[in-house]
Amino acid sequence: MASTKTFEKEIKAFMAGIENKNSNESEFIQAVYEVAQTIVPYIEKNKKYKHAIILDRMTEPERVFIFRVPWIDDKGNYQINRGYRVQMNSAIGPYKGGLRFHPSVNLSILKFLAFEQVFKNSLTTLPMGGGKGGSDFDPKGKSDNEIMRFCQSFMTELCKYIGADIDVPAGDIGVGGREIGYLFGQYKRIKNEFRGILTGKHVNFGGSLIRPEATGYGCVYFSQEMLTACDDSLEGKNCVISGSGNVAQYAAEKILELGGSVLTLSDSSGFIYDKDGIDRKKLEFIKDLKNNKRGRISEYTKKHKKAEFHSLLRPWNVPCDLAYPCATQNELYELDAKHLVKNGCKGVFEGANMPCLPEAVDYFHKNRILFAPGKASNAGGVATSGLEMSQNSLRIAWSRDEVDTKLKAIMKEIHHSCQKYGRVDKDYVDYVKGANIAGFVKVADAMLAQGHV
Ligand code: NDP
Ligand code: 2IT
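Moving on, we come to the nonpolar core. With 55 residues, the main nonpolar core has Phe-222, Ile-241, Leu-265, Tyr-324 and Ile-414 as its most contacted residues. Top contributing element to this core by residue count: helix 8 (residues 211-229), with eight residues. Residues Val-40, Tyr-49, Val-118 and Met-447 belong to the second largest nonpolar core, which totals 41 residues.

Have a look at this one:
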């Protein structure tokens, strides 16, 4: 579906150039290929973009910073990590996108995330360009003071490249409210200015209500839109979720609120399966375990004896109606897709960025399963970051209801854009195609208007 035979030669030629230039960057190549499958044919039919080599320009970051992050651990040992900020595209607004702290972080992963972010931010309807950054720093097992010293050192360098009208980072894997607080404090100390240079801040110092919940809530709102469009709903649906961090926790919370059941959650050590369902009270236990105690998901089974823990596995074999991959990239393979479909799964909604491999996505499309790509379904997080930026500029704070209403409206609008460009026939929408083209057009037209820069 997303792949098209008609322009295979053009797609191949374009990808050969990308692979040649970015040969060691498998995740970046994967993300570009996913977009090229629908955008190269679109460009072939809309020659103005071809002449201006828009896709070649969109796949070349405007700039990349790589820097040394020195810090000292609690034992007094000297430590070094590598810091990054990829400023991908500023055609429609200041660079915007999260920071990831994880030992796997490298340039390929951050370029893939920054590239996705350009399309995602365009879909939100708000004026935000795309960027991403982070470090190979591993927050696991670090003390609070070590986290603070690392964040201070990271910001001491990053502060040279960001600003409220230049580039506004936020959280991602390994970066939540605690880290954003330390990063913000150090920026303020160095620059002596209180400005909205980060989002995901605590509400006491310029954060937006609903921002912590926004990615998970937004993903479930998006799935609700997709279900409503086929006269269905979340009511009574059995859902499997991967991850147990920010996105997974709030996806679970919203699913419960809308009448669904949550059967699984996971972390990098395995998944828990609770046949009775993870209800609100059990979810509060998980939030405390993950956010305050910084424990492992397996500890759930110590408290809830009927639940199972499956070490080093992912939850895609568990029979379900709907699946929400909310952990990380490349965590749902073609074989997993086959298991899900065989077990009766009707929809897959990406809370994470690129969790499904291309073969898995193709399999969902071939079987006409509802499939939502992350750049559409997880856009609620960055959209609410955009709302945080607006509130900072206006120096006001909107209520929970105001922000939630705006978030819902944005997810509805993104759904509408995907339908507009992705409809295959009267019963099926290719949301990958829809999201790619809708995200592309706005950025590409802005680039055309601004000349060859
Ligand atoms: P968190 O750090 O809060 O949680 C990440 C979760 O995923 C943890 O349960 C973690 O397990 C698991 N995980 C991380 N890396 C791996 C891995 N390599 N293998 C298996 N499990 C892993 O991050 P978020 O919830 O914020 O982010 C999750 C996903 O959502 C990411 O893809 C992110 O890019 C995307 N996203 C996040 C947004 C946000 O606003 N936060 C917005 C849009 C997308 P463990 O604790 O064991 O590492
Ligand atoms: O991938 C993402 O969209 C995020 N991590 C959120 C970015 C943001 O700027 O809020």
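Here the focus is the site of ligand 2. Neighbouring residues of ligand 2: 14 residues in total, closest Lys-96, Lys-120, Asp-172, Arg-211 and Ser-385. In this structure, a nitrogen atom belonging to ligand 2 sits 3.1 Å away from a main-chain N or O atom of Gly-171. At 2.9 Å, a side-chain N or O of Asp-172 approaches a nitrogen atom of ligand 2. Contact with the protein chains covers 94% of the free accessible surface of ligand 2, which is 300 Å². Looking at the shell around ligand 2, its residues break down into two nonpolar, seven polar and five charged.

Taken together, 25 residues lie around ligand 1, and Asp-172, Thr-215, Ser-268, Arg-296 and Asn-353 are the ones closest in. Here an oxygen atom of ligand 1 and a side-chain polar atom of Arg-100 are 3.0 Å apart. Interatomic distance of 2.7 Å between a side-chain N/O atom of Asp-172 and an oxygen atom of ligand 1. Here ligand 1, which alone exposes 890 Å², has 84% of that area covered by the protein. Elements with a contribution of two residues or more to the shell around ligand 1: helix 8, helix 9 (246-257) and strand 7 (261-267). Classifying every residue of the shell around ligand 1 gives five nonpolar, 13 polar and seven charged.

The full count for this structure, using the stated rule, is 23 aromatic pairs. A ring pair is formed by Phe-184 and Phe-205, whose centres lie 5.5 Å apart and whose planes are at 20 degrees; its orientation type is stacked. Placement of the pair is Phe-184 in helix 7 (residues 177-191) and Phe-205 in the loop between helix 7 and helix 8, with a sequence separation of 21 residues. Given the relative accessible area of 26%, Phe-205 is considered partly exposed. Cluster of aromatic residues (ring-pair linked, three or more members): Phe-65, Phe-67, Trp-71, Phe-101, Phe-137, Phe-150, Phe-154 and Tyr-161. In this structure, Lys-111 is placed above the aromatic ring of Phe-28, and the distance from its NZ or CZ to the ring centre is 4.5 Å. Positioned above the aromatic ring of Tyr-217, the side-chain terminus of Lys-254 is 4.2 Å from the ring centre.

Right, let's get into the sheet that holds strand 10 (residues 322-325). Spatial strand order, 9-8-7-6-10-11-12: seven strands in an open sheet with mixed pairing. The sheet is open, and its two edges are formed by strand 9 (308-311) and strand 12 (370-372), each paired on a single side. Each adjacent strand pair in this sheet contributes to an overall mean axis angle of 15 degrees, direction not counted.

Rules used throughout
- Residues numbered from 1 in each chain as written.
- Chains lettered and ligands numbered in written order.
- Predicted model: local features only at pLDDT ≥ 70, side-chain atom pairs only at ≥ 80, totals over all residues.
- Heavy atoms only, no water.
- Core = buried A, V, L, I, M, F, W, Y, C linked by side-chain atoms within 4.5 Å.
- Buried < 20%, exposed > 50% of the residue type's maximum accessible area, 1.4 Å probe, protein only.
- Helix = DSSP H or I, 4+ residues; strand = E, 2+ residues; numbered from the N terminus.
- Near = heavy atom within 4 Å.
- Polar contact = N/O pair within 3.5 Å; in protein donor to acceptor, adjacent residues only side chain to side chain.
- Areas by Shrake-Rupley, 256 points an atom, 1.4 Å probe, with all protein chains shown as cover.
- Nonpolar A, V, L, I, M, F, W, Y, C, P; charged D, E, K, R; others polar.
- Phe/Tyr/Trp six-rings, centres within 6.5 Å; stacked < 30°, edge-to-face > 60°.
- Lys NZ or Arg CZ within 6 Å of the ring centre and 35° of its normal.
- Pairing = 2+ DSSP bridges.
- Axes fitted to C-alpha atoms, helices over the stretch in contact; angles between N-to-C directions.

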